[in-house]
Amino acid sequence: MIKHEKKYLILLFLICTIIMGCYFGQYIFNNLPLEYGTDIRPQWYLFYEEFRNLMTNFLQNKSLPFYSWSTFLGTNFFASKSYYLMGDIFSYIGLLFKMDFFQTALILEILKFYVAAFGMYYLLSQYNLKAKVKMIGAICYTFSGWAIFFSGQLVFLSFYAFVPLYFAGLENILQKKKPILYIIFTSLCLFTNFYFFFTISFFTVIYYIYRYYIINESFNKFLKDTLITIGYYLIGVSITMILTLPTIYYILGNDRLGAFKEGLVFKDIQVYLHELVSIFVPNYLYIYNTNVFETNFHYSREICMYSGLITALLLPLILTIKTKFRTATLGVWICFLLILLFPRIGSAIHGFGDPSFRWTFFLILFNIITSSIILDKISEINLKVFKLSSTISFIVLISIVPVSAFITNQSLHNLTYQIVLFTIYAITLLIYVLVISKKPKHLLNILLIFTSIELLIGGTILYARKLNEISKIENYEFINKVSHVLQDYDNQLNEVLNSIEPVNPSQYFRVYIPHESLYWSYSHNMSMLYQLNGTMGYDSTYAPSINDLKALEPSIRDFESEWIFNIKDINLLNFLNVKYAIVTNESELPVGGNWRLLSDNFRYSFLIYRNDDYRDLGTTYSKIELIDNYSDSKSLSNTLYVNDNDFEDINALISSQETSILENIQYYDNQLTGYVYSDASSFMVITLPYDSGWKVKINGENVKTYKVNGGFIGIPIFEGDNQIEMYFTPQGFKEGAIISFIGILSFAVIIYLKVKKK
């Protein structure tokens, strides 16, 4: 790399460091955790702690991180958390830091911003732009609206950081026939987050055709070149199959797939008004506060397309460029416009679920590339068109809030903050227009400074406002207290519970703990922090079989959410092997339970109660009914409820009228063992969520598993002694490992051939 280029890379590093210093320095100096984002505390924090536990166990015991006993009722962690962190390389880098989650997350967040900056700079280098133009584009991408918003959703920011390098790899293929970088980042992006990779695959097609049209003189070799590129794409995808295939099997059972709620168009006009201005104003400053565009749905509220005013101002100038670059760019924008206007198309690129606007991170990328190309020839711009489009933009910014308030019948008095914000950015827009119109000698230097300051101020205000909220309660002292309410060190609570009764170490049992008092309403996932088998969970990738339980017992849903669970019904708690309850007072116990006080001074003030109706993890049944006959008045604890397809098979297995239980239970890592004696053949329900990854052996022979009683495991029991062994390997893991090996081998062959040819 020439000395000239290194100078600008160092300058880019310094600018990013200054901006991030303003963002995060206030947290470091005030010794407060960065908890920006609604799910950092209730999900990302606890999932990462469980990930850390599983990975530590893997390094010590060589047990693969497949199954989590502490996740809601037990979960295929390997497949379910690929959405959150399982394939994210930054998660593994975080394991190197001996710090708490929030400090580690902050370091990783800073690292991701740097990766985004230099990745975008490298992508723009493929367009042969001036160094200062590339710096402006890199800064706009690094600190865009989505980048700031994704800083509260860790794996999304990881993916966002890699996106420029993914498309830089595609440019290497299109321009130089070099596939190595593309294959690497295809794999890395898919490993990081399958959800966004599904989305980016749609736009890869659009981008590829767009760039092929611009770079090549004709389409004579288009089919051949495209097939080769698809081959590289598939090699990159195949490398990830060790994780991706188990995830596909797992996620297909999630009821969010196909959960489309909108019609042909959005029913709220606020969505379209918000789309219109989100490119000009950092709407992350208001979307969860007073918002004239409010729709009360997160998927239509979060439209964070802002990436600096310079990006928005230059885009209309594409109309003045009379080349095929203009034709191709307008074609891409038409595609974007169709997705923005019609939610059914947006749903298709969102896994056929709710039509989220998260996909617009790609629109940001494309707009920055386009505006950077225009900025590179800033001296040639048509000032008349520029002033006209800027005037229209100014009028929109000044009028959009009052007009929106009028259309939606809202009071302007409540929208003061938004009016002031839009006015400030309208004035800032005029300053940009004045500077660009004058075309001073050091225009690019001025624009670089203006853009950096603009992006610095918006993000700093957001993080400062969040800092003020955190300082009132969500500080390190508070987190330390809530994470040590029930124990001082890992597994201490389990040690205490196992010592209460001699039989406990050979049993599986769950513990009821009230969310509001002992967990201080911190998170429904606290059981992961305490290595506890709990009865709560907050997880959009919960075990698919829980859908069956939701259908039978809708009361398990908390806050009317489809993915927040808190089981309080005593009949269901009995069925789910709840043996103990830890509460602050007797009134917190689930109503109707047969509770007996064991201790009134646990941790000096807490009460431990025993459930004398405790049901063992594995219990045989003699009564069977179709699941369609289940009602609130019936109990899962004394009747076997099965699907129509399994009724005859299971009914034929039941001979014994006596109840047998699973004894001498040992469960750890990815396996569970136990012993059952039965006077005749019978059928047992094991109250772990059903998953095809569980393989069950009785006396060394494989037996078939059934999904029964609302999504739990059912197995046949034979007359006499039954030594049960259960082993968990995610469905598709072995096949995925084979495909990954083939993919890696193919990649190695490509590298060898390229090196040999060179």
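Coordinates for the structure precede this section.
Described in the following lines is the structure provided in the data block. Values in this document were obtained by computation on a predicted structure and should not be read as measured data. (Residues numbered from 1 in each chain as written. Predicted model: local features only at pLDDT ≥ 70, side-chain atom pairs only at ≥ 80, totals over all residues. Heavy atoms only, no water.)

### Focus: empty space enclosed by the protein
If a probe as big as a water molecule is rolled over the atoms, it shows which places are left empty.
In step 1: Throughout the structure, instances matching the rule amount to seven cavities of 30 Å³ or more.
In step 2: Mapped onto the lining of the largest cavity, the elements with two or more residues apiece are helix H2 (40-61), helix H4 (89-94), helix H5 (101-125) and helix H8 (154-176).
In step 3: If one sorts the elements of the lining of the largest cavity by residue count, H5 sits on top with six residues.
In step 4: Its residues placed into classes, the lining of the largest cavity shows ten nonpolar, two polar and three charged. (1 Å grid on protein atoms, 1.4 Å probe; cavity = no way out; pocket = protein on both sides within 12 Å on 5 of 7 lines; lining within 4 Å. Points joined across faces, edges and corners; volume = space filled by probe spheres on them. Helix = DSSP H or I, 4+ residues; strand = E, 2+ residues; numbered from the N terminus. Nonpolar A, V, L, I, M, F, W, Y, C, P; charged D, E, K, R; others polar.)

### Looking at helix H12 (residues 241-251)
In step 1: Most of H12 sits inside the fold, with eight of its eleven residues counted as buried.
In step 2: For H12, the complete set of buried residues consists of Met 241, Leu 243, Thr 244, Leu 245, Pro 246, Thr 247, Tyr 250 and Ile 251.
In step 3: Contacts made by the buried residues of H12 are with strand E2 (75-76), helix H3 (77-80), helix H9 (180-192), helix H10 (194-215), helix H11 (222-239) and helix H28 (733-757). (Buried < 20%, exposed > 50% of the residue type's maximum accessible area, 1.4 Å probe, protein only. Contact = heavy atoms within 4.5 Å.)

### Quick look at the pairing of strand E13 (residues 671-678)
In step 1: Taken together, the four bridges between strand E12 (residues 663-668) and E13 define a ladder with antiparallel strand orientation. Pairing of Glu 663 across the sheet is with Tyr 675, part of E13.
In step 2: Taking the residues that link successive antiparallel strands as the turn, the E12-E13 hairpin has two residues, and the phi of Asp 669 there is positive, at about 50 degrees.
In step 3: Bridging between E13 and strand E19 (residues 720-728) involves eight bridges; their strand directions are antiparallel. From the neighbouring strand, Tyr 675 faces E19, where its bridge partner is Gln 723. (Pairing = 2+ DSSP bridges.)

### Overview of the packing of aromatic side chains
In step 1: According to the stated counting rule, one finds 85 aromatic pairs in the structure shown.
In step 2: Between Tyr 67 and Trp 694, the aromatic rings sit 5.0 Å apart at their centres with planes inclined by 65 degrees, giving edge-to-face as the arrangement. Here Tyr 67, found in strand E1 (residues 67-68), pairs with Trp 694, found in strand E15 (residues 694-698); they are 627 residues apart in sequence, far enough to count as distant.
In step 3: Owing to a relative accessible area of 3%, Tyr 67 belongs among the buried residues under this scheme.
In step 4: Centroid distance Trp 69 to Tyr 508: 6.2 Å. Interplanar angle 55 degrees. Geometry classified as tilted. In this pair, Trp 69 sits in the loop between E1 and E2 while Tyr 508 sits in the loop between helix H23 (492-500) and strand E3 (510-512), placing the two residues 439 residues apart along the sequence.
In step 5: A relative accessible area of 10% places Trp 69 in the buried class.
In step 6: The side chain of Lys 81 reaches across the aromatic face of Phe 47, ending 4.8 Å from its centre.
In step 7: When the ring centre of Tyr 213 is taken as reference, the NZ or CZ atom of Lys 324 above it lies at 5.3 Å. (Phe/Tyr/Trp six-rings, centres within 6.5 Å; stacked < 30°, edge-to-face > 60°. Lys NZ or Arg CZ within 6 Å of the ring centre and 35° of its normal.)

### Topic: the environment of Asp 679
In step 1: Its place among the elements puts Asp 679 in the loop between E13 and strand E14 (682-689).
In step 2: Every residue in contact with Asp 679, bar those within four places of it in the chain, is listed here: Ser 656, Glu 658 and Glu 719.

### Quick look at a negative patch on the surface
In step 1: A contiguous patch of negative charge on the surface is contributed by Asp 628, Asp 644, Glu 648 and Asp 649.
In step 2: Looking at the element boundaries, Asp 644 is found in the loop between strand E11 (640-642) and helix H27 (647-653). (Patch = residues over 30% accessible without salt bridge, like charges linked within 9 Å, V, L, I, M, F, W, Y side chains within 5 Å. Areas by Shrake-Rupley, 256 points an atom, 1.4 Å probe, with all protein chains shown as cover. Salt bridge = Lys/Arg side-chain N within 4 Å of Asp/Glu carboxyl O. Lys, Arg positive; Asp, Glu negative; His and termini not counted. Charge placed at Lys NZ, Arg CZ, Asp CG, Glu CD.)

### Considering the nonpolar core
In step 1: Core analysis: the biggest nonpolar cluster contains 222 residues, and Phe 167, Leu 486, Ile 582, Leu 688 and Ile 724 have the highest contact counts within it.
In step 2: Per-element tally for this core: the top contributor is H8, with 16 residues.
In step 3: Discounting chain neighbours no more than four positions away, the residues touching Ile 724 are Leu 662, Leu 672, Thr 673, Gly 674, Val 676, Met 684, Val 696, Lys 697, Ile 698, Ile 715 and Ile 717.
In step 4: Formed by 39 residues, the second largest nonpolar core is a distinct cluster that contains Ala 543, Val 578, Tyr 630 and Val 708. (Core = buried A, V, L, I, M, F, W, Y, C linked by side-chain atoms within 4.5 Å.)

### Some points on the side chain of Arg 211
In step 1: Note on placement: Arg 211 falls in helix H10.
In step 2: By relative accessible area, Arg 211 is classed as buried at 7%.
In step 3: For Arg 211, the residues in contact, after removing those within four places along its chain, are Tyr 127, Glu 171, Leu 174 and Gln 175.

### Let's talk about the sheet that holds strand E8 (residues 606-611)
In step 1: What the four strands build is an open sheet, ordered E3-E6-E8-E7; its pairing is mixed. Looking at strand neighbours, the two that pair on one side only are E3 and strand E7 (595-602), the edges of this open sheet. Recorded for the sheet is a direction-independent mean angle of 25 degrees between the axes of neighbouring strands.
In step 2: Looking at chain direction, E3 and strand E6 (residues 578-583) are connected through three bridges and run parallel. Each bridged residue has a counterpart across the sheet, and for Val 511 the counterpart in E6 is Tyr 580. (Axes fitted to C-alpha atoms, helices over the stretch in contact; angles between N-to-C directions.)

### Observations concerning H9
In step 1: In this model, H9 (13 residues) spans 18 Å end to end at C-alpha, consistent with the 18 Å of a helix rising 1.5 Å per residue.
In step 2: Within H9, the full set of buried residues consists of Tyr 182, Ile 183, Phe 185, Thr 186, Ser 187, Leu 188, Cys 189, Leu 190 and Thr 192.
In step 3: Its buried side turned inward, H9 meets H4, H8, H10, H11, H12 and H28. (Expected span 1.5 Å × (residues − 1).)

### Topic: the side chain of Asn 709
In step 1: Mapped onto the elements of the fold, Asn 709 is located in the loop between strand E17 (706-708) and strand E18 (712-717).
In step 2: A distance of 3.1 Å separates a polar side-chain atom of Asn 709 from the backbone oxygen of Thr 639.
In step 3: Residues contacting Asn 709, with those up to four places away along its chain left out, are Leu 552, Phe 575, Tyr 621, Leu 636, Thr 639, Leu 640, Tyr 641 and Val 685. (Polar contact = N/O pair within 3.5 Å; in protein donor to acceptor, adjacent residues only side chain to side chain.)

### So, the pairing of E8
In step 1: With respect to burial, E8 is a largely interior element, six of its six residues being buried.
In step 2: Residues Phe 606, Ile 608 and Arg 610 point to one face of E8 and Leu 607, Tyr 609 and Asn 611 to the other, with burial holding for every one of them.
In step 3: As paired strands, E6 and E8 are joined by four bridges and run antiparallel to one another. The residue bridging Val 583 from the neighbouring strand is Leu 607, located in E8.

### Notes on the pattern of salt bridges
In step 1: Summed over the entire model, instances satisfying the criterion amount to 20 salt bridges.
In step 2: As a salt-bridge pair, Lys 81 and Asp 539 come within 2.7 Å of each other at their nearest N and O atoms. Residue Lys 81 is found in the loop between H3 and H4, and its partner Asp 539 is found in the loop between strand E4 (536-538) and helix H25 (546-552); the two are separated by 458 residues along the sequence.
In step 3: Residue Lys 81 is classed as buried on the basis of its relative accessible area of 0%.
In step 4: On the basis of relative accessible area, Asp 539 is assigned to the buried category, the value being 5%.
In step 5: Arg 596 is paired through a salt bridge with Asp 612; the nearest N and O atoms lie 2.9 Å apart. Highlighted residues: Arg 596 in strand E7 and Asp 612 in the loop between E8 and strand E9 (618-621), separated in sequence by 16 residues.
In step 6: Look at Arg 596 and you get partly exposed, because its relative accessible area is 39%.
In step 7: Overall, Asp 612 belongs to the partly exposed group, its relative accessible area being 31%.

### Some details on the packing of helix H20 (residues 416-438) against helix H21 (residues 443-472)
In step 1: Remark: H20 packs on H21, axes separated minimally by 10 Å, with the N-to-C direction vectors making an angle of 170 degrees. Taken together, the axes of H20 and H21 lie roughly antiparallel to each other. Touching Tyr 417, Tyr 425, Ile 431, Tyr 432, Val 435 and Ile 436 of H20 are Leu 443, Ile 446, Leu 447, Phe 450, Thr 451, Glu 454, Gly 458 and Arg 465, all from H21.
In step 2: Per-class residue counts for the contact of H20 with H21 are ten nonpolar, two polar and two charged. (Parallel < 35°, antiparallel > 145°, perpendicular 65-115°, else oblique.)

Any link to function would need more than the numbers given here.
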